[in-house]
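Structure assessment
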Amino acid sequence: MPQEYKLILKYADEPGYTPDLECYLRHGGYEPLKKALALPPKTLPDGKTLSPQEQIRDDVKISGLRGRGGAGFSCGLKWSFVDRRSGKPIYLICNADESEPGTFKDRQIMHKDPHQLIEGMIIACFANDVHLAYIYIRGEMPEGAKLLNKALAEARAKNLLGKNILGSGYDLEMYVHRGAGAYICGEETGLIESLEGKRPYPRIKPPYFPAILGLYMCPTIVNNVETLCNVKHIVAMGAAEFAKLGTPNNTGTRIVSLSGHVKRPGYYEIEIGKVTIGELINDPAFGGGLRDGRKLKAVIPGGSSAKVFKASEKFKLKRKGPDGQMVEQDVDMLDLPYDFDSLIAAGSMSGSSAIIVMDDSVDIVEALANVAEFYAHESCGQCTPCREGSLWMSKALHRLTHGEGRASDADYLVKIADNIPGGRTICAFGEACSWPVQSFVAKFKDEFVAKGAADEARRVKETAAPEVETKLAAAHH
Amino acid sequence: MNATHTEPIPNPLQSQAGFAVPAALEAEVNELVTHYPEKRSASLMVLHAIQEQFGWISQEAVEWTAKKLEVQPINVYELVTFYPMFRPKPMGKYQIKVCRTLSCALGGAYELHQHFCGKLGLDAHAHGPQTTKDGKFTVEFVECLASCGTAPVMMCNDAFYEGVSHKKADDIVRDCK
C-alpha cells in the first residue's frame, strides 16, 4: 500500500499545531541547530581536520539532497561551487517565490511551520559562513510574509538569530523581502536582480553564476524553501539515515502538489520514487481517482513548464530486472515512479513536484491556450525569442480557441516553440514556455488540427453564403 | 534642433495632490533601508509600504522613493511599470484578484470572474483590472496564486480565499463595507 511519509510536514497539519516559536520548541524545534553549532571538529583517518561547517556541507552532499524548486540539482554540489576565497561576504537567499502553476507546497511550510524554514536556513547559513540572508517571498503571500517576520522576531528575541547565536560566536541576520507579482523572480538570477531593487531580468551565465557573482556580485546561494527545510532534517537524523529515505539518487521526501480533476486534490508528502504517478492520482491515500464517469486524458507531471503526458502513453525505460540485470521495459505513464530521474527518462520532469490532472472533459487546446497565456504574460521581455515567441504562441492559441483557427496552426505553434529554447535565451524561461507547446501539440496533434480545420470550414461556408449569415445574425439580434 | 524649447516627455504617472509621507511611514521606510547593504535593494519593500499607505504609487511617491534611496526616478518608475502588483493609478477600495491559471481554470475560475463582473456591472472581457464607477471594487484576473489544490482561489485585498463558490463570492462582496 503506497502511503504518505511525513518528514517536512510531520506536524504542520496536526490539530493544535501553531506557527509560533513555543509550539515549534515543544516539538523539538531548534535542537538540530544546537547540534550543528556544537559540532566538534572531526579528524579524518588521513589526519585532515574537518570544521563543523565542512562536516555539514559534506553531510548535505552525502545525503543526496536535490533541489526541490524545479531543476533537481544536487544541493551539496551547488554549495560546493561557492567561491570561498574571494574575501567577499557570502549571501544566502531562500527562494520562496513559489509561482510555478500547479505548485502550492512552500505555501504550506511558510504558513504553518515558518520556524522549520528559519532553522533550516540558519543551519545552511552557518555551514556556508553566511552572515546575512533573505527570504524572498512572493508578493501575493502577505500573510506568509507577516508570519515569517513574526517568527524572525521570535527567533531574534531568543538569540537564535543576531549576534553570537546561542553563545556559539556565530552571527547571522535574516530579513523577509517581498516580490511584487512577477513569475520570473523565481529564476535565481532574476530573483537576485529583484532583491537588488531592479527589474528581475535574469543574468547571463557565464559569468554570473550566483555561487561566484550573485547578490551585489558576491558569492550567493539560492535554495528553495523545501530544500532548506531538508537541511535541518539531514543534521537531525544524519546524512546516511536521510539517504535511506526515497530511492537511490532520489533521496528524501517530496511534497507533491496535486491539482485538477481528482477527487482529493491537495499536497502529499511521499518518499521520492516510492509512489507512482498512477497511485498519486488514483489511490485513496492520495488523489482518490478521477471524478465519477470520467476518464484520464492528460497529466502535467511537474508544474506547467513540464512536458505533458498523455493517458496510456508508454515509455521504454531501463530498469532492474528480476536477476539484477538492467533491462529495457515498456512502462505506462501511470506506472512511472514519481521521482527526478524516471520523469526525466520519460522525457518530462518532476520540476516543482506539481501534478495537474486533466480528465476527458478538458479541451486540450483550451488547456494549452491557458498555459501559453501565462507565459506570454510572464516573459520578462529581455530576450527577443522568448518575448515575441511566447506572445505569438499565445495569440495563435487564442485564435484557435475563439473560432479563428487554421489547420496549419499546429505546425505553426511547433515552429515557433522550436525556435525559442536551446541557448537562444538568457534563462530557462525559453524552455519553460516552449515545452508545454511542443509536447501538447506533439501528443494531441489531431485535436489541434481538427479544431483549426473546423474553423476554416466554417469560414469557407460563411464567405460562400454571406446572405444566410446576415439573416442568421439579424434573427439573432 | 531647437534646444531652447522641447515638449515634455509623456509621463503616464499621475500626480497626487498634497502628497506627504506620514512620520510612521517614514520610520518604517528608514527601518527597511537598514535591512540591506545597498539602499536601492529596499525599493520593492518601500513601494509596498507606500502602496499600503496610499493605495497606489504616484509621480510624487516615485520621486520621494528615488530621493530616499538615492537613485534616479526612472529606477523606481521602471519597477512600478514592471511588477504587476504595483499600481500607477488609484484602484478600487476592494481589489478582487481571481486566479486564472490552469488548475483554477479547470476548477471554474473563468465562471467565477464572470460572476464577479456580472454582479458588479463590469466587462469580463475587457483587458486588465476593471474598477466600478463608485471606486469601490476592482476586479482582475491574476496568474497562479499557488493554492491549486483548492481551486478556484482568489484574493480580496490581502485576504486569501480558497474553493470560492458563487455563493461564497457573493458573501465576500457583501462583507466589503
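Note that the structure is a prediction, hence the values are computed from the model and not measured. (Residues numbered from 1 in each chain as written. Chains lettered and ligands numbered in written order. Predicted model: local features only at pLDDT ≥ 70, side-chain atom pairs only at ≥ 80, totals over all residues. Heavy atoms only, no water.)

**Some words on the sheet that holds strand E5 (residues 173-178) of chain A**
Residue and element names in this part refer to chain A. What counts is decided by this rule: Two strands form a pair only when DSSP identifies at least two bridges running between them. Runs of H or I in DSSP of at least four residues are treated as helices and runs of E of at least two as strands, each being numbered from the N terminus. Only the stretch in contact is used when a helix axis is fitted, and all axes are lines through C-alpha atoms; the angle between N-to-C directions ranges over 0 to 180 degrees. Contacts are assigned to residue pairs that have any heavy atoms within 4.5 Å of one another.
Taking strand neighbours across the sheet as the criterion, the four strands line up as E5-E4-E3-E6 in an open arrangement whose pairing is parallel. At either end of the open sheet lies a strand with only one pairing partner, and these are E5 and strand E6 (220-224). Averaged over neighbouring strand pairs, the angle between their axes works out to 20° when direction is ignored. Here strand E4 (residues 130-137) pairs with E5 via six bridges, running parallel. Each residue of the ladder has a partner; that of Leu-132, found in E5, is Glu-173. Helix H7 (residues 142-157) contacts E4 and E5 of the sheet and is inclined by roughly 170° relative to E5.

**Remarks on the domain arrangement of chain B**
Quick note on the threshold: The start and end points of each domain follow an automatic or database-based domain assignment.
As far as domains go, chain B holds domain 1 (1-88) and domain 2 (94-175). One C-alpha centre belongs to domain 1 of chain B, the other to domain 2 of chain B; they are set 28 Å apart.

**Looking at the interface of chain A and chain B**
Rule in force here: Accessible area that two parts lose when put together, with a 1.4 Å probe and added across both, is what the buried area reports. Salt bridge criterion: a side-chain nitrogen from Lys or Arg within 4 Å of a carboxyl oxygen from Asp or Glu. Side-chain classes follow a simple rule in which Ala, Val, Leu, Ile, Met, Phe, Trp, Tyr, Cys and Pro form the nonpolar group, Asp, Glu, Lys and Arg form the charged group, and the remainder, Gly included, forms the polar group.
If you look at the interface, chain A gives 56 residues, while chain B gives 37 residues. Here chain A meets chain B over a buried area of about 3,600 Å², counting both sides, of which 60% is carbon and sulfur. Inspection of the region where chain A meets chain B yields one salt bridge. Two residues, Arg-100 of chain B and Glu-373 of chain A, come together in a salt bridge whose shortest N-O distance is 3.5 Å. Among the secondary structure elements, those contributing two or more residues to the side of chain A that touches chain B are E4, H7, E5, helix H8 (188-195), strand E9 (253-260), strand E15 (354-359) and helix H13 (364-378) of chain A. Looking at side-chain class alone, the side of chain A that touches chain B contains 29 nonpolar, 15 polar and twelve charged residues.

**Observations regarding the pairing of strand E3 (residues 90-96) of chain A**
Residues and elements named next belong to chain A. Put simply, the test is: Burial classes follow relative accessibility: with a 1.4 Å probe on protein chains only, a residue under 20% of its type's maximum area counts as buried, one over 50% as exposed, and anything between as partly exposed.
Burial runs high along E3: seven of the seven residues are buried. Residue alternation in E3 divides its side chains into two sets, Ile-90, Leu-92, Cys-94 and Ala-96 and Tyr-91, Ile-93 and Asn-95, and both sets are buried. Judged from the seven bridges that link them, E3 and E4 form a sheet pairing that is parallel. Bridge pairing in E4 links Ala-96 to Ile-137. Bridge analysis of E3 against E6 gives five bridges, and the strand direction is parallel. Bridge assignment links Cys-94 to a residue of E6, and that residue is Asn-223.

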